[in-house]
Structure formats: structure tokens, C-alpha cells
Amino acid sequence: MHPTPAPALRSPRARRTAAWGTLSLVTTTPGGPPGPAGATGVDEPATLDALLLRVGTGDETAFASVYDALSASVYGICFAVLRDRDHAAEVLQEVMVEVWRTAARFEPDRGSARTWALTLAHRRAVDRVRAVQAQRTRDQRVLDEQVERPFDVVSEEVEDSMERARVRRCLDALTPTQHEAVVLAYYGGRTYREVAEQLAAPLPTVKTRIRDGLLRLRDCLGVAA
Amino acid sequence: MSAHDDAGRTDVRDLLGAYALDAVDDVERRAVERLVASDPDAAQELAELRATAALLGSAVRTAPPADARGAVLEAIRRTPQDRTPDGDGRAVRVDDEPAAGAVPDTAVRDTAAPDTAAPGTAGDVPGDPRGVTDLAARRRARRPNWLAVAAIAVGAAAVPASVAWQQAQEADRAREQAQVLAALLAEPDTEVVRGQVEGGGTAVGVLGTDQAVFTATGLEDPGAGREYQLWVIRDGVAVPDAVMPDRSGEVRAVTDAFAAGDALAVTVEPRGGSLEPTTVPVVVLAAEA
């Protein structure tokens, strides 16, 4: 709860790999949460949707299962965007409580429970990172440090998974400019304006790159909403 | 700001990707939300892009701190759930006194609780009718005050981080609103209207042809678990708009849903807002016909 930014947010990165978005494979972190969290198997969506619907009726046991299934992803998003364990842990808790509070609004026809919760998680992480950035002097936001920020930094604790491998493969299939725009916006929590500024690219171009990149990712990952 | 003032549908559609990654500003967000509400194709694309973004999220799955689980399970036990307005005819929202730390808003609000307790205990300090000072009695009487002070202090210590970032968010929003306001006031057809708010306060509406700014000052506290919500009134129908956080009796909001001929109204709603007004408007602003 202390407002002072934790070191992770400003310390220069020890490792500097060439480009962000190099999703390197790492070994699975041992001792991950049990149950559905271990594998987002083919049958997860239906189960998780059903669980979240039960949460909407006040079922605390169902909520515990939803927490186990989603907390690692939510925390991973928060940590990727915030680069700070304390902030990430706080936002994780905030998001999970919001999942509980607003579960009755979840409509399975409009997307899976996982998408619903992770959309919320990313939004809250982004809200927080923008506020934290604004809180410090905007000038000192050292964009160039962020440019060099390799996505690998997260890797040490990121769990290996099928999704990870698939996402890495599909990210690599994007054009380099699409890749960098999508990664900066999603994992970097940047607005597309900031991305444009950072890449010294025109706004409409970046807007299009992000959309085209995501559409291509969608096709590559075989996403059907 | 002018970039999205006359943004056509195609431009807004181009924003779907950035929107799915939370990479747009508030004005653009509303533009996309309006598009998606009226265009099933766009809604479908957005749903797919969101699912894609969620996979980017799943790809960085990371074991959270072990103590988070217990803390969250504990927190939800103290947190009432929001109810949807439809369905079983229950209240629109059951939003009594949510648990501390549930949401930033709540954390801030909760610190006010000791405040309200304090006057009661202070009133208990007995004035000695005979003018004799009973120190022990005073000390006894004072103790609750210290407890109240301690409670406030605990609350205050817990708040700064969330307050600070709320203020930062507020500053961002204010800057954007100022830009919209400047753009609106530069338009020839913009009308500025003023009205008294039921219960106290003054409201000002800056009504453009496709956008409006609403501000009010001197408002009463909407009450625990309640917020002021803006509505766009079109042909007698109230279209839900922004929920406006009360900042010491001040609220403001920009709406893109406004069109010439519409009116703005504000009601007090359960926190988080409602889909239909559940109370009578405290103010309605419309341009002179």
C-alpha cells in the first residue's frame, strides 16, 4: 500500500535482449496453484463459464475454483504491465474481488469467462500503470528505457504452457512492426498514441498495425468468439 | 481532440484493435462503445479481438504470491455482490457497505466512517453540572475519541496510494474534459445552460451538436454506496451515461451520446450506475427551444 514506487519499476534491466516480444521458453515454475490452473485444457472454457455463472449467484466455493483457474493469468498480466510485484499483487486482489462483485453481469454468449476476467484484469492493470506513471513526473517516464525492456524479463516467473508456445509462434508470424505495436500496447500498457510516439510512426499507421496484428493473431490462434 | 471529433465510422472501426488492448483514451473508448452497440459486425470483431488479447494474457501466466488467495477469499466474504437489474425482480443493486479494500472508491469512503462516529462520542462527554472537574470521568469519556482518532489514522495510512492514483486519473480526465470543453465552446451552435440541483448545488451543461459537457458544484454527498449518474434524455427516453464520482461536491462528465435537441439529466443511483433511472432526476438541463 505504500505509494513509493518499488524498484522494479525504475531499475534498469540487467538483461537487454534485442527486441521485446521475444518470448523465450522457460521451465515451469514449480508449485503453481492446483486444479484447473495447471492446464487450460480444451474443456476449460465450458467448466469455467459454468463456475463463473455460479459465482454470480453468490457461490463462494465456485469462486475459489475460479480464482485457482485465473489468478496466475491475472497476476501475470498485472506483472507484465506493472513490472512491480506489489502493485501486481494489489491489482490481482482488486480484480478478483471485482470478478466476485460483478460476476452476475457475465454473459457467456458474449465471450468466455476467461476472456471476460482477463479483459477486466488488463484494464485494471493499465488503469494502475497510467496512474502510477502520471503520479511520477511524466517527463521522467523514460520511454527509451521501456523500449529496451525485453519481454523476457517476465520470463523467469512466467509459467510455461501450451498457450505460451502458441502465442509466441503466432506473435513471431506477425510483421515486425505489427508485433512491436501489439506487444507495446498489450504488455506495455501503452495507448496507441504512446506507441506511435515511441516508434515515431504516424497515428493512423499504428492504429492499423495494432488492429491488423490482432486480426492476424486471431486467425493464427484460431480464436472464435 | 479534433482527430476524433469528426471521426467517421471507418475510423472508429480502425480503433477496435487498440480498444481491445485498452490503448485508447476515454473519448475514443466511448466512440468505440457506441459503434459496437449499433453494429453487430463490429461487436463480433471486438469479441474476437478481446479473446485474442486474453490469450496474450494467458501466455504470461505467473504464479501469484501465495498469500493473495487467502486475502481474496477473505475479502469476498465481506463484499456484497452487484445484482443485475433484470431477472428475479430483486433490487437493482445490493450495495450496502462494501468491505474495505474491495475497490479503491470504497477504501476512500470507508475512512469517513470514523468521522461520523466521532461526533456521537464527543457528545457523550458530560458537562459537570456543579463545575467540579472529574478527571477520571473526562478520561473515561475521552477514550472513545482516541479510538476514533486511531481508527481514522489507520484508515488514512491505508489510503494514500489509491487516492494518489485516483487523483492522477482524475487529472488525466480533467485535461481531456478541458479539451472537449474548449472545442465545444468554439462551435457556433453550442449552448450553455445552467440549473439548480434539487437538494443543493448548481449544474452547468455545455450542449454541443454531438457532444456535451456536464458539471455541477456544491452537491450533497450522494450517500454511502450511491453515485451521481448522467443520462441523455432523447424523445423522453433516458439513455444511461457516465457515473460521475463525487469530488467534494463536484462532478463532471463528457458525453458523446448527446445530440442537438437532447437534454441532460442526473439521478442518484446505486454505485456503479443503473441501466434505467431508479430515482427522480435532481436536475435536468436542456437547450432553449
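Right above here is the structure, for reference.
Given the structure is predicted, the values throughout are model-derived calculations rather than measurements.

K.L.:
Kindly report on the overall build of chain B, identifying the contributing residues and their values.
P.N.:
On a plain count of helices and strands, chain B comes out with 10 helices and 8 strands. Counting all 289 residues of chain B, 43% fall into the buried class. If you take every contact in chain B between residues at least 6 apart in sequence, the share linking residues at least 24 apart comes to 57%. Counting only carbon and sulfur atoms, one obtains 55% of the accessible surface of chain B, whose full area is about 13,900 Å².

K.L.:
Talk me through the pattern of salt bridges; I want residue IDs and the actual numbers.
P.N.:
Summed over the entire model, instances satisfying the criterion amount to 25 salt bridges over all chains. Between A:R54 and A:D59 there is a salt bridge, and its shortest N-O distance comes to 3.1 Å. By relative accessible area, which is 41% here, A:R54 ends up partly exposed. As a salt-bridge pair, A:R123 and B:D22 come within 3.1 Å of each other at their nearest N and O atoms. Of the two residues, A:R123 is situated in helix α4 (residues 113-135) and B:D22 in the loop between α3 (16-20) and α4 (26-38); the pairing between them involves two chains. Classification of B:D22 by relative accessible area gives buried; the value is 4%. Here the residues in one salt-bridge network are A:R211, B:R13, B:D14, B:D39 and B:E45, joined through shared partners.

K.L.:
Give me helix α9 (residues 203-221) of chain A: which residues, what numbers.
P.N.:
All names here are of chain A. Helix length check: α9, at 19 residues, gives a terminal C-alpha distance of 27 Å against a target of 27 Å (1.5 Å per residue), a fit within 8%. Those residues of α9 that sit buried are V206, K207, R209, I210, R211, G213, L214, L215, L217, R218 and L221. At the C-terminal side of α9, G222 shows a positive phi close to 65°.

K.L.:
Can you lay out the pairing of strand β1 (residues 191-196) of chain B for me, pointing to particular residues and giving the numbers?
P.N.:
All names here are of chain B. One ladder, built from 6 bridges, connects β1 with strand β2 (residues 202-207); its direction is antiparallel. By the bridge assignment for β2, G195 is matched with A203. The antiparallel hairpin formed by β1 and β2 contains 5 residues in its connecting segment, where G199 sits at a positive phi of about 95°.

K.L.:
So what's going on with the side chain of B:Q81? Which residues, and what values?
P.N.:
Note on placement: B:Q81 falls in the loop between α6 (67-77) and α7 (104-110). A polar contact is formed between the side chain of B:Q81 and the backbone oxygen of A:V55, at a distance of 2.7 Å.

K.L.:
Outline the sheet that holds strand β7 (residues 263-270) of chain B, listing residues and values.
P.N.:
Residues and elements named next belong to chain B. With respect to topology, 4 strands assemble into an open sheet ordered β5-β4-β7-β8, the strand pairing being antiparallel. Looking along the sheet, the strands with just one partner apiece sit at the ends: β5 (237-244) and β8 (283-286). With direction set aside, neighbouring strand axes in the sheet form an average angle of 30°. In the sheet, β7 pairs with β8 via 4 bridges, with the strands oriented antiparallel. Among the inter-strand pairings, A263 is bridged to a residue of β8, identified as A286.

K.L.:
Any chance you could break down the side chain of B:D241 for me, citing the residues and the numbers?
P.N.:
All names here are of chain B. As for its placement among the helices and strands, D241 is situated in strand β5. For the buried D241, no salt bridge is present, and the opposite-charge side chain at shortest range is R30, 5.7 Å distant. If we skip the residues at most four places from it in the chain, D241 touches Q229, L230, W231, V232, V254, T255 and A257.

What counts, and at which threshold
Residues numbered from 1 in each chain as written. Chains lettered and ligands numbered in written order. Predicted model: local features only at pLDDT ≥ 70, side-chain atom pairs only at ≥ 80, totals over all residues. Heavy atoms only, no water. Helix = DSSP H or I, 4+ residues; strand = E, 2+ residues; numbered from the N terminus. Buried < 20%, exposed > 50% of the residue type's maximum accessible area, 1.4 Å probe, protein only. Contact = heavy atoms within 4.5 Å. Areas by Shrake-Rupley, 256 points an atom, 1.4 Å probe, with all protein chains shown as cover. Salt bridge = Lys/Arg side-chain N within 4 Å of Asp/Glu carboxyl O. Expected span 1.5 Å × (residues − 1). Pairing = 2+ DSSP bridges. Polar contact = N/O pair within 3.5 Å; in protein donor to acceptor, adjacent residues only side chain to side chain. Axes fitted to C-alpha atoms, helices over the stretch in contact; angles between N-to-C directions. Lys, Arg positive; Asp, Glu negative; His and termini not counted.

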